[in-house]
Amino acid sequence: MKKTSLLAKFLISYILVLLLPTIIILVYYYPYSAKIAKDKEMDWNAHVTEQFMTSMDIFTRYVYDLPTELLQNRDLKLYAAMENDYQRIVIANEMKKYNATDDFIDNTLLYVKNIGYLFAKTGSVYNVDDFARRGVGYYYENWPHEEMFRQLDRLVLPAVRPAEDVIVPGSNRMRMLTFLLPLPLGGENSPGAVLILVKEETVIRMMKSVSESYSGDFFVFDEKGNRLVSSDAAAFGNSDEFRALVARLGESGSGSDTYRIDGQDVIVSYNVSEKNGWQYVSLLPVSESLESIRAIQRNTVVLVLLILLAEVVVIYVSIRKNYHPIKKLVSLATDVFEPREPKRMNEIETIQYALDRLSSANSKLDESVRRTLPIMRDNLLFELASGHFEDWESFRREAAEYGVAIEGPLVTAAVLSFEPGGEDGLGVAEHCRSAEGRLPEGANGYFFKSIYKQEMIFVCSHAADFPLKSYLDGVRRELAARTGMQPLIGIGTPQSADRPEGVHLSYLQAARTAEHLRIRKHDAMLVFNEIEVSQTGAVSYFAELLQSLEMAILKNDAGVVESVMDRIIDYFGSDGMPPHMVRTVYLNTISVILNGLTRFRPDDGSLLMLTDAAFQQRYTIGQMAGIMRESCGKLCDIIRATLPSSRTASREEIVAVIEKHGMDHDFSLQKMADHFGMSLSGFSYHFKKTMGQNFKEYIDRLRIQKSSQLLRSTDETLDSVAQQVGYSNTSSFIRAFKKIVGTTPGQYRDTHRQA
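Residues numbered from 1 in each chain as written. Predicted model: local features only at pLDDT ≥ 70, side-chain atom pairs only at ≥ 80, totals over all residues. Heavy atoms only, no water.

Next up on the list: the overall build of the chain. Tallying secondary structure elements over the chain gives 24 helices and 18 strands in all. Counting across all 755 residues of the chain, residues that qualify as buried make up 42%. Sequence separation of 24 or more characterises 61% of the internal contacts of the chain that already satisfy a separation of 6 or more. Accessible surface computed for the chain: about 41,700 Å², of which carbon and sulfur atoms make up 53%. (Helix = DSSP H or I, 4+ residues; strand = E, 2+ residues; numbered from the N terminus. Buried < 20%, exposed > 50% of the residue type's maximum accessible area, 1.4 Å probe, protein only. Contact = heavy atoms within 4.5 Å. Areas by Shrake-Rupley, 256 points an atom, 1.4 Å probe, with all protein chains shown as cover.)

What follows deals with the layout of surface pockets. A volume near 770 Å³ is recorded for the second largest pocket. Counting residues per element, the ones that place at least two in the lining of the second largest pocket are α1 (2-72), β11 (264-272) and α9 (392-399). In terms of residues, the lining of the second largest pocket owes the most to one element, α1, which gives six residues. (1 Å grid on protein atoms, 1.4 Å probe; cavity = no way out; pocket = protein on both sides within 12 Å on 5 of 7 lines; lining within 4 Å. Points joined across faces, edges and corners; volume = space filled by probe spheres on them.)

This brings us to helix α20 (residues 680-691). Over its 12 residues, α20 runs 16 Å from end to end, which matches the ideal 16 Å to within 8%, given 1.5 Å per residue. Structurally, α20 contributes buried residues whose contacts are with α18 (651-661), α19 (669-675) and α21 (695-713). Just past α20, the residue glycine 692 takes up positive phi, approximately 85°. (Expected span 1.5 Å × (residues − 1).)

Here we take up the packing of α21 against helix α23 (residues 730-741). Interaxial distance between α21 and α23 falls to 10 Å at its minimum, and their mutual angle equals 95°. One element, α21, and the other, α23, form an angle in the roughly perpendicular class. Taken together, the residues of α23 that come into contact with α21 (itself represented by Asp700, Arg701, Ile704, Ser707, Ser708 and Leu711) are Phe733, Ala736, Phe737, Ile740 and Val741. The residue makeup of the contact of α21 with α23, split by class, is seven nonpolar, two polar and two charged. (Axes fitted to C-alpha atoms, helices over the stretch in contact; angles between N-to-C directions. Parallel < 35°, antiparallel > 145°, perpendicular 65-115°, else oblique. Nonpolar A, V, L, I, M, F, W, Y, C, P; charged D, E, K, R; others polar.)

This brings us to the packing of aromatic side chains. One pass over the structure, following the stated rule, counts 27 aromatic pairs. Considering the side-chain rings of tyrosine 64 and phenylalanine 179, the 6.0 Å spacing of their centres and the 85° angle between planes classify their relative orientation as edge-to-face. Taken as a pair, tyrosine 64 in helix α1 and phenylalanine 179 in strand β6 (residues 172-182) lie far apart in primary sequence, 115 residues in all. On the basis of relative accessibility, which here comes to 29%, the residue tyrosine 64 falls in the partly exposed class. (Phe/Tyr/Trp six-rings, centres within 6.5 Å; stacked < 30°, edge-to-face > 60°.)

Turning our eyes to something else, we now look at the nonpolar core. A general trend in soluble globular proteins is that nonpolar side chains are found buried together. Core analysis: the largest hydrophobic core is formed by 39 residues, its most contacted members being Phe52, Leu110, Phe179 and Ile196. For this core, the secondary-structure elements that each account for two or more residues are α1, α2 (85-95), β1 (107-112), β6, β7 (192-199), α4 (200-210), β8 (217-221) and β9 (227-230). Broken down by element, this core gets its largest block of residues, eight residues, from α1. Setting aside anything within four residues of it in sequence, one finds phenylalanine 179 in contact with Thr60, Val63, Tyr64, Ala159, Val160, Val194, Leu195, Ile196, Val198 and Trp278. (Core = buried A, V, L, I, M, F, W, Y, C linked by side-chain atoms within 4.5 Å.)

Turning to the sheet that holds β8, a few remarks are in order. Spatial ordering of the open sheet is given by β9-β8-β12-β11-β10, a layout of five strands whose pairing is antiparallel. Edge positions in the sheet fall to β9 and β10 (254-261), since each of these pairs with one other strand and no more. Going from strand to strand, the sheet's axes swing by 25° on average, the running direction of each strand aside. Sheet analysis places β8 next to strand β12 (residues 279-285), joined by five bridges and oriented antiparallel. The residue of β12 that forms the bridge with phenylalanine 219 is valine 281. Against the sheet, α4 makes contact with β8 and β9, and its axis sits at roughly 60° relative to β9, the strand it touches most. Packed onto the sheet, helix α5 (residues 240-249) meets β8, β10, β11 and β12 and runs at close to 160° relative to β10. (Pairing = 2+ DSSP bridges.)

Geometric values such as these leave the question of function open.
Here's what the structure looks like:
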């Protein structure tokens, strides 16, 4: 009886210990859980809205900078386009280079007023009248053609048209957000304007990519309160209460709160962009955010009751067998943190040992975090040198954490360049950082890694009389003595430290000076204003050579490719070529060669390694010439090995190729001509003469004949049938089928099923 009474006392005491935190949870947590969930949902909603705004700011910054980039391109001679047809070709080719944000921008159109032409980044060229015809140009249903070009001719300030229906070339309908940007100067003096088209679905997809679990609606308004984009036009879009709320929110900057709109409680998060004044508003019904917590509450009650029942059984059984809970904790600590010296420890010693090990692990984690600080500091300083900070205040907020300060009246940047493959990256970086402490009073300087592994960058704020060149010469001699490295040091000119742009400008000068030293190798250290620039007017000559190279590759003429490459190498290795132009010639030439290689070997993974080696390193003139010559030789070998000797194709040979590849999506007249070693025009004439009709009519009839069999004998969808017979999209298949058969595929299938 005494034993049973003691067991009951132990059982009651353990149950009370378990019930105490459970009661606290039920009494305290449940009344406030809904409020906590709503607050968390508001914080998350605000975070998602801010992240979306930041993403849009990043992409639209390129949009607004594009007109300036276009005018700075000396090859775009817009005022000469009226008198010079060649210049129009140059403009069309130059527009292909502005593809930096293809994931965001659907198309970019450069409108040149004096000739009435629009040049797309895809290389297409439209005249003004094309935009008045559906399926030819970009046809705006709610923007009359005359009004459109009258507005472009008088455009002075950037404007944005809300997402609207646009019929794009090919007669597909899409909703587009259109940016209208005047070329600098604007008005009657402007040579034209830039239209940048962004699909509405691209903006919506960008918002959803921030959080896949987000289920609310979002809206984007311009600085005047006009709605530009919405994820669901029907959700609150026509509500007067919502429009009045948006007007009030635009005056308050940013935040997140609960509002009542049309009788419904809604979590509203809003941000106003400092870049362009756009308002970003997201709405999430409160009922949706609280539904999950109510379900969790109900499930928690059931789970707690089950846990209590299980614990009562476990505690009773444990006490009956004389096991104490503390024994389990001691056993767990002993298993997880095994002592280095095997000795017996009591319960208190075991727990103390486990706490010591946890403290040691925490110290190692702190040490690991401290090791990452130099990397984060280097990234911050490189962003400063790259011109990513608009004012010193935003830089100082981030730099204070790393002890970085730019405070002198002048700022200067320098680039330390090492021979490729020979630098000791870790030793050089450590020595350079140690040299920061030897700067005289009044000067603050920092060494950090460049994006090129054989470069270090130095940024220094100093007074006007600071002997920067002498200081860097001392660093160079110390590096040579301690690491065996002999860096070439290019120094920019001192710039005013009033704004961060001074650091960026000096860095660009230093990078150009370092490039000059790498190529010419006349000096070990040079300041930007000490460079002797020779005059040359041979840029147009190189453009002609590059165009000849592209044409020879397209014609698969290996002999001409080798001849033109020899002329390019002789040209860019001449002493009259400015150093900053050498790398430009190299990059353009190697790009053409790599495009040619990709044409023949699209799935060759080794081309990716070749691309990385060609573009990611800094090379001397000799090394660049060797890479161009070796890549050109590889391309010419592939051309000679791939193309068969020219011959005349018989009808049987043509039919055999068509039977084998005629249903492929990429099957074309050019591929047939390449297969038989004939020119495109020559094979087209030979095909019509041999087969009795032109290539497209023959292939279309063959594909429609195959599709008719599939429509009669299978239940596959039109998409599937179109893919099987070689059409890339269903609309093209339907048009071709109706043109040849006289009815749509669906009508054809229904008729033959009834029959």
